[in-house]
Structure formats: structure tokens, C-alpha cells
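# Fold and geometry: a report
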Amino acid sequence: MSILDILGSARHRDVQLHSRQSLQAVQSHGQLPSWQGDLLSGTAGDYAQLLQEWHALAQDLDKRAQGMILEVERMQQAQHIVHEQRARLQADMDALGRSQAIISFDANGMVLDANDNFCHVAGYALDEIKGRHHSLFLDTASRESPSYREFWGRLGKGQFESGVFKRLGKNGRVFWIQASYNPVMGPDGRVNRVVKIASDITADRLHQADQEGQLAALGRSQAVIEFDLKGNILKANENFLDR
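Starting afresh in each chain, residues are numbered from 1 along the sequence in its written order. Note on the predicted model: pLDDT of at least 70 is required for a residue's local features to be given, and 80 or more for side-chain atom pairs to be given and counted; whole-chain, interface and lining totals, by contrast, use all residues. Values shown for side chains rest on all heavy atoms present in the structure; no hydrogens or waters enter the calculation.

## A short note on the sheet that holds strand S4 (residues 174–185)
The criterion for strand pairing is that DSSP finds at least two bridges linking the strands in question. Here a helix means four or more residues in a row that DSSP labels H or I, a strand means two or more in a row labelled E, and each is numbered from the N terminus. The strand order across the open sheet formed by five strands is S2-S1-S5-S4-S3, and the pairing between neighbours is antiparallel. Both outer strands of the open sheet, strand S2 (111–114) and strand S3 (161–168), are each paired with one neighbouring strand and no more. Each neighbouring strand pair of the sheet contributes to a mean axis angle of 30 degrees, computed without reference to strand direction. Comment: axis = line fitted to C-alpha atoms, over the contacting stretch for helices; angle = value between 0 and 180 degrees taken between N-to-C directions.

If you want it as C-alpha cells, here you go:
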């Protein structure tokens, strides 16, 4: 006999009636009325089995519900950890962005974004460079060189690049940066963007060039010789040698 058969039977209704009477008796007198044998041995037994099945089902559902609650709690904890990590990373990037020039490119070298520091160094507004290729910042010879293609080829393979770079800003103004190009991998393991973090060293390079120019000018008019700390001659200019 199925559960639906039991629930729809007349004898089931009798069991329900006796169940209500039993409950009322317990509430009123603290004792149960006598059950007729046919109810206990027939439909009542089926009804008791049904109750046992319902109880077992309720226990199973309760266990599953507890398992789901624990899983939801674990997911919430994981999401909280991810949120904290992202917040810390963003805070680190914000701190870095306040002192560094940062620009990002897609895997093909097209500008995605740049912070105010980079725009200031290059002399461009963001909307003037966004969507344009990195080669915008190079002279024609460098842009068309094999080494430049190899440079982006290495970045496309996920290789890190760093060094001192000469770049062209707006109206062809030269600026120098100490920079690192950092490939960022996507979920598929491929490079989906490149983040460049740079420091403007133009002033240092100009100062160095000025000093080198002064030394060169001095060397053209003066006899210059250089020694190591032990007094050994390292080099001498033509003016010294001619004398």
C-alpha cells in the first residue's frame, strides 16, 4: 500500500480521529484511550510506518539542511577572505599609484588605462592615449625595430621586463623612466594585460648628461689623467698625451 493510498483511505481517517482523541485525552487526563485491535493491526500499523518514514525523511532533510548551512557559511567565509584580499590589493595599488606612474595595456599593447602620474609625465590626457598603441611613446626607428617586436613578444609569453627606457611624450618631448612591465595572466593562463609601473628619472638623466657634457668640454680644453687609488694610471685624454 502506497503513502497516497494510506492517506486517502477511510481507515486512515479513522486513525486520524483516534489520534486527535488520544491527543485530547493526554491534554485532559494524561492518559490514552483504548485502541481497537483492527486499527492497531491494520491501518494503524500502516499509519505508524508512515509516521516512521516521515520521521526518517525529516531527519534526512534536517541533516541535508545542516550540511547546506555549513556549506553556505564556508562560502561566506571564503568570500569574506577574497573581499579582504582584494581590498588590501586595491589599497596597495592606490598607495603605489600616489608615487608611481602606472599605465596598463592589453595583450596587443593597446592602452587600457593610466593614472594621473603617468599622464603628467607623458604630457597627455587619458582620453588622448586610451585605445592607442604603446608605440605612441616611441620614435619611428625604435617603433619599427626588431627588438621592439621581440619586446612585446616576450611580454606576450608572460616574461617580466624592466630597465631604463627613453620615451616620447606629447609634442615629441623626451622623457626617461625606470620601469617594469608586468604581464597579468587571465583564468585561461594567457596574458590578458600588461601593467607598467614607472618612476620618472628625466631630471636625473638630464643632470647626468649635463655633467658628462661638462666633463667632455673640460677634456677638450684641459689635460686630464685618471688614476686608481694605488696611483696606477687608468686613462688620459689626448691633451695630456700631446704634452
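Once you've had a look at it, read on.
## Some thoughts on the packing of aromatic side chains
For this analysis, a ring pair means two rings from Phe, Tyr or Trp (six-membered ring only for Trp) whose centres lie within 6.5 Å, classed as stacked if their planes differ by under 30 degrees, edge-to-face if by over 60, and tilted for the remaining angles. Counted according to the given criterion, the structure contains eight aromatic pairs. When the centroid spacing of 6.1 Å and the interplanar angle of 90 degrees are considered together, the rings of Phe151 and Trp152 count as edge-to-face. Working definition: with a 1.4 Å probe on protein chains only, accessible area under 20% of the residue-type maximum means buried, over 50% means exposed, and in between means partly exposed. Relative accessible area serves as the criterion here: at 7%, Phe151 is assigned to the buried category. When the centroid spacing of 4.9 Å and the interplanar angle of 90 degrees are considered together, the rings of Phe151 and Tyr181 count as edge-to-face. Of the two residues, Phe151 is situated in helix H8 (residues 146–156) and Tyr181 in strand S4; the sequence distance between them amounts to 30 residues. An aromatic cluster is defined as three or more aromatic residues linked by ring pairs; in this entry it consists of Phe105, Tyr148, Phe151, Trp152, Phe165 and Tyr181.

## With respect to unusual backbone geometry
Phi at Asn171 is positive, roughly 65 degrees, even though this residue is not glycine. Along the chain, the position of Asn171 falls in the loop between S3 and S4.

## Structural notes on the pairing of S4
For a regular strand, side-chain orientation follows a simple rule: the groups alternate between the two sheet faces. When S3 meets S4, the two strands line up antiparallel, connected through eight bridges. Residue Lys166 lies in a different strand from S4, and its bridge partner there is Trp176. Here S3 folds back onto S4 in antiparallel fashion, the turn holding five residues, of which Asn171 has a positive phi close to 65 degrees. Examined bridge by bridge, S4 and strand S5 (residues 191–200) share nine bridges and lie antiparallel to one another. Within S5, the position partnered with Ser180 by the bridge is Ile197. Between S4 and the antiparallel strand that follows it, S5, lie five residues; Gly189 among them carries a positive phi value of about 85 degrees.

## What to know about the pattern of salt bridges
Every case where a carboxyl oxygen of Asp or Glu lies within 4 Å of a side-chain nitrogen of Lys or Arg is listed as a salt bridge. In total, this model carries three salt bridges according to the counting rule given. Across the salt bridge formed by Lys170 and Glu128, the nearest N and O atoms sit 2.8 Å from each other. Of the two residues, Lys170 sits in the loop between S3 and S4 while Glu128 sits in helix H6 (residues 126–129), which places them 42 residues apart along the sequence. With a relative accessible area of 31%, Lys170 lands in the partly exposed category. Across the pair Arg154 and Glu161 runs a salt bridge, and its minimum N-O distance is 2.5 Å.

## Some details on the side chain of Thr202
Its location among the elements puts Thr202 in helix H9 (residues 202–221). For the purposes of these results, a polar contact is taken to be a pair of N or O atoms within 3.5 Å, where, inside protein, one atom must be able to donate a hydrogen and its partner to accept one; residues adjacent in sequence count only when each atom of the pair is a side-chain atom. Within polar-contact distance, the side chain of Thr202 engages the side chain of Asp200 at 2.6 Å.

## Regarding the confidence of the model for the protein chain
Close reading of the predicted structure is inappropriate where its pLDDT is low. For every residue, the predictor states its confidence as a pLDDT score lying anywhere from 0 to 100. Predicted confidence across the protein chain gives a mean pLDDT of 77, with 68% of residues reaching 70 or more. Within the protein chain, no element has a lower average pLDDT than helix H3 (residues 37–41), which sits at 43, and none a higher one than H6, at 96. Segment residues 22–27: pLDDT under 50, and nine contacts once partners within four positions in sequence are set aside and those in other chains are kept. Residue contacts are defined here by distance: any two heavy atoms, one from each residue, within 4.5 Å place the two residues in contact. Below pLDDT 50 for its whole length, residues 29–42 participates in 24 contacts with residues either more than four positions away or in separate chains.

## Quick look at the nonpolar core
Within soluble globular proteins, side chains that are nonpolar generally end up buried alongside one another. In this structure, Ile103, Phe118, Ile129, Phe137, Phe151, Trp152 and Tyr181 are the most contacted members of the largest nonpolar core, which totals 26 residues. For this core, the elements supplying multiple residues, two or more each, are strand S1 (101–106), S2, helix H5 (116–122), H8, S4 and S5. Beyond its immediate sequence surroundings of up to four residues, Ile129 is in contact with Ile103, Val111, Ala114, Phe118, Cys119, Tyr124, Leu136 and Phe137. For this analysis, a nonpolar core means a set of buried residues of the types Ala, Val, Leu, Ile, Met, Phe, Trp, Tyr and Cys, connected via side-chain atoms within 4.5 Å.

## What to know about the environment of Tyr148
Turning to its location among the elements, Tyr148 is positioned in helix H8. We classify Tyr148 as buried; its relative accessible area is 9%. Sequence spacing of Tyr148 and Ser135 is 13 residues, and the spatial spacing of their C-alpha atoms is 8.9 Å. When neighbours within four sequence positions are excluded, Tyr148 is seen to be in contact with His133, His134, Ser135, Leu138, Ser142 and Arg143. A distance of 2.7 Å separates the side chain of Tyr148 from the side chain of His134, its partner in a polar contact. Among the polar contacts made by the side chain of Tyr148, one reaches the side chain of Trp152 at a distance of 3.2 Å.

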